[in-house]
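Spelled out, the chains give:
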Amino acid sequence: MMKNAKMFFRVVALCMVLVFSLSFATACNPSGSGMVNDLKFDEYGEIIFDGTELTVWSVIGEPDNAYLDVVNKQFNDYYASNGLSAKIVSLSVGDFYTQLANTINTDPESAPDVVIYHSERLTDLANSKIILPMDEYFEAIPNNDFSTDNYYRSLMQECMYDGKVYGVPLDVHGGMWYVRTDILEKNGLEMPTSLSEFVEVCNQLITLYEEGRLWHRAMDKTNPANCNWTQAKDLGEHFYPVVMSDEGGIENGWIPQTAVLQNGGKLVGENGRPAWNTDALVEVMTMFRNWQSGEGDFNGTPYAGKFVEGNDDAQTVWSKLSSGAAVFSCEGPWFAEQRLEEYNAVLGSLTDSQGKTYSPLGLLNMSKLYALDENSADASKIYGVGHTFSISRTVTSMTKAVGAALYAQYMTEHSMDYLQGGHLPAYKAIYESEEFKSQPFYQQYLQAFGSPENYVTLGNTAYYTEVYEQLKGVYIDIFTASKLNKTPQEIVTDRFNTALALIEADEEL
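Draft legend 1. The side chain of Gln470, seen in detail. Its location among the elements puts Gln470 in helix H17 (residues 464-479). We classify Gln470 as buried; its relative accessible area is 10%. The residues contacting Gln470, other than those within four sequence positions of it, are Trp276, Thr465, Arg495, Thr498, Ala499 and Leu502.

See the structure below:
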């Protein structure tokens, strides 16, 4: 009876494969597509990959590329018996975006099959026909359960073009504030959770220092003797609680974008053009200008002094934080694991009133930090950047294209080990799982990143460079000494008009 049932299954499976193959050859090999339908199936209806190796170009660099390699190995192990594997080549951001289009257009034999890149560039790559729509390749996989509903909406939307799936989102991440929680705790202050609290804490830090009462210490791993607490005014004439660099820092890629979103604005309009020139952006940029000058007030409370010294660079962000000369500095999330381990090792962990230990270096995501109305529906939004998987236009084998789709699905659905590098998952089931929430790296730092639902991406635009870079330029100009003669309103207007002019010039070509 069992033998007959198994034989019946095989006959049915073979019939289904034959019907599927014939229909798929017609439906999924449109005229002029260049795609060769070479799909073959075994007796159980599984696709035969027969030694297909995917070449993957990735923009994900150190340190998180090592965690990506872990998941890639898991994929190779899982599909080893099916004859499907993938090899990742990591490129720097500059090399990746410079070489990708050039290689695909002029040297297709050397081009990658799969690309992993920042999803904010997807619309441009799809519009330029660098990548392929993926829907039909998912449909070609028997019993496949891929669904866009399995991914967070904002992240998935950025991976759509012309109503089709052009990418599968892997993660989302945003800029983080690294905070000297030991200094806050020693001075009886708490971590801020909104813009008003942030301003209040900075005012208190400045006042304590001016009065010679600010407890501070260095984090000096080369000389632990320098790590003692002191109230001496040995950090300079004034205390600047915030380190914000200009062109050399990462903040320009996170803060002005978040400021627009948290105050009800949009980064991109329906036509893909910039939409960030809002009154609220001008108001937040004016606030930053005042932080640099020490003038003005916040909701009627005068600033105690300058929050920002100015003229800092990316290296100064870490040196001032470690010396105790600042309490808040902004950097990328990929530094979280490394920096927290460093501070814990040198300064030791702290203990709260419930006996729970925490790090002398804390993490603060950007939720509510630039919302002028912290009770608004948009106040918790955070500008996020995600990575996505797409298939290169140079793939002409249906077997390889389906393998690439399987790879994108597997890597995103099994991304937990990769997330340790400082990212939140785009795949809902991972973030919602108890297994993920129980991971030590989630408990130690990822939970401070907030929920993926609060992250909003740039959106669909073929004008990524014009929209994004000019908004970054607004922030840069605010903190650049040579631009101090311009008002924040003039800076926003100038940068917005420049973006439009660049778009119009591009369209005329």
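Now, onward.
Draft legend 2. Main features of the nonpolar core. Counting residues in hydrophobic clusters, the biggest one holds 150 residues, and the most contacted among them are Trp177, Met244, Trp276, Phe288, Trp291, Phe328 and Tyr407. Broken down by element, this core gets its largest block of residues, 10 residues, from helix H13 (residues 398-413).

Draft legend 3. Geometry of the environment of Pro360. Tracing the chain through its elements places Pro360 in the loop between strand E15 (357-358) and strand E16 (361-364). Measuring from C-alpha to C-alpha, the distance between Pro360 and Ser349 comes to 6.0 Å, with 11 residues separating the pair along the chain. Beyond its immediate stretch of four places on either side in the chain, Pro360 contacts Val179, Arg180, Thr181, Asp182, Arg217, Tyr343, Asn344, Leu347, Gly348, Ser349 and Leu350.

Draft legend 4. The arrangement of helix H11 (residues 314-323) in detail. Buried residues of H11: Thr316, Val317, Trp318, Lys320, Leu321 and Ser322, and no others. Contact partners of the buried residues in H11: strand E9 (176-180), strand E10 (242-243), strand E13 (328-331), helix H12 (336-347) and E16.

Draft legend 5. Representation of the environment of Asp38. Mapped onto the elements, Asp38 comes out in the loop between helix H1 (2-27) and strand E1 (52-58). Given a relative accessible area of 30%, Asp38 falls into the partly exposed group. Asp38 sits 361 residues away from Thr399 along the chain, and the two C-alpha atoms are 6.0 Å apart. Apart from the residues lying within four places of it in its own chain, the contact partners of Asp38 are Ser397, Met398 and Thr399. One polar contact links the side chain of Asp38 to the main-chain amide nitrogen of Met398, over a distance of 3.2 Å.

The rules we used
Residues numbered from 1 in each chain as written. Predicted model: local features only at pLDDT ≥ 70, side-chain atom pairs only at ≥ 80, totals over all residues. Heavy atoms only, no water. Helix = DSSP H or I, 4+ residues; strand = E, 2+ residues; numbered from the N terminus. Buried < 20%, exposed > 50% of the residue type's maximum accessible area, 1.4 Å probe, protein only. Contact = heavy atoms within 4.5 Å. Core = buried A, V, L, I, M, F, W, Y, C linked by side-chain atoms within 4.5 Å. Polar contact = N/O pair within 3.5 Å; in protein donor to acceptor, adjacent residues only side chain to side chain.

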